[in-house]
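Spelled out, the chains give:
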Amino acid sequence: MDPIVQLLESYRGRDKVVRTLCYGSQLVGGVLSQKSGRSSAVGKSLLLFSAQLSHCRTVLRLFDDLSMVAYTRSYGLGNREEDGVVRCLSVLTNVADQLYYPCEHVAWAAEAELIRVPPDRWWTLSTLLWAASLLLGALRSIRVIMLLRRKLREHQRTRQDSASHGHATRRECQQQITMEMLSVVSCLADLSNAVHWMPPGVLWAGQFPSWLVGLMGTVSSFIGLYQMGSGGSEHQASS
């Protein structure tokens, strides 16, 4: 019980739980809505519940801009990164994330009729930025995996470290590789949904049934929860 309470007490932890419930409800609701009788009614109710949770997260993201600005400023141009490719991909990801939030805010305000602009255009722009962030994030993780595997091969060739230190280094690299591989899976799962929400005619836009959107989101949400519990969480725009 205590770990759950601690998770819900933090904003990021609560958001990840709500996200998991949102996509999980969409997954189950999408499956049940295809059946007949009472199951279909329950499925439709779960889909409505999922939509409300999604709207809740959109409203809460109105307050994420300053934390994203602080993160982007602290990272800067990534001078602490040893690899230039990782640095470039990280900076581009931060730019996409930073632009994502105001675009989504405008789309939300337009849909709520607070401002008079076409909401569809801004939703599309925010989705494109989210997709760009996810693609860049996946490429960054793949690059990090390549560097870590190169580091492991170098340790095996040189064998300059002591046995205990070398074992600890290999174990640490393997753990980092596992976390980065999970990040790739998470980014690609979310990217598949981002493409689905793009305008008709873009790849498989609009082709996913509700249960498949829920499945992809549930997979990425559980990975996010696991990474957060393992101390491997990242600051990234999510929808």
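Data block above holds the structure.
Residues numbered from 1 in each chain as written. Predicted model: local features only at pLDDT ≥ 70, side-chain atom pairs only at ≥ 80, totals over all residues. Heavy atoms only, no water.

## Some details on the pattern of salt bridges
Our working rule: By convention in these notes, a salt bridge is any Lys or Arg side-chain nitrogen within 4 Å of a carboxyl oxygen on Asp or Glu. In this description a helix means any DSSP run of H or I spanning at least four residues, a strand means any run of E spanning at least two, and both kinds are numbered starting from the N terminus. Three labels apply to residues, based on accessible area from a 1.4 Å probe with only protein chains included: buried if under 20% of the type maximum, exposed if over 50%, partly exposed otherwise in between.
In the structure shown here, the tally under the stated rule is six salt bridges. A salt bridge links Arg12 to Asp64; the shortest N-O distance between them is 3.8 Å. Separated by 52 residues along the polypeptide, Arg12 in helix H2 (residues 11-32) and Asp64 in the loop between helix H3 (38-60) and helix H4 (65-75) bring together distant segments of the chain. Under the relative-accessibility criterion, Asp64 is labelled buried at 4%. Arg57 is paired through a salt bridge with Asp15; the nearest N and O atoms lie 2.9 Å apart. Placement of the pair is Arg57 in helix H3 and Asp15 in helix H2, with a sequence separation of 42 residues. The class of Arg57 is buried, set by a relative accessible area of 4%. Residue Asp15 is classed as buried on the basis of its relative accessible area of 12%.

Function cannot be read off these values alone, since they describe shape.
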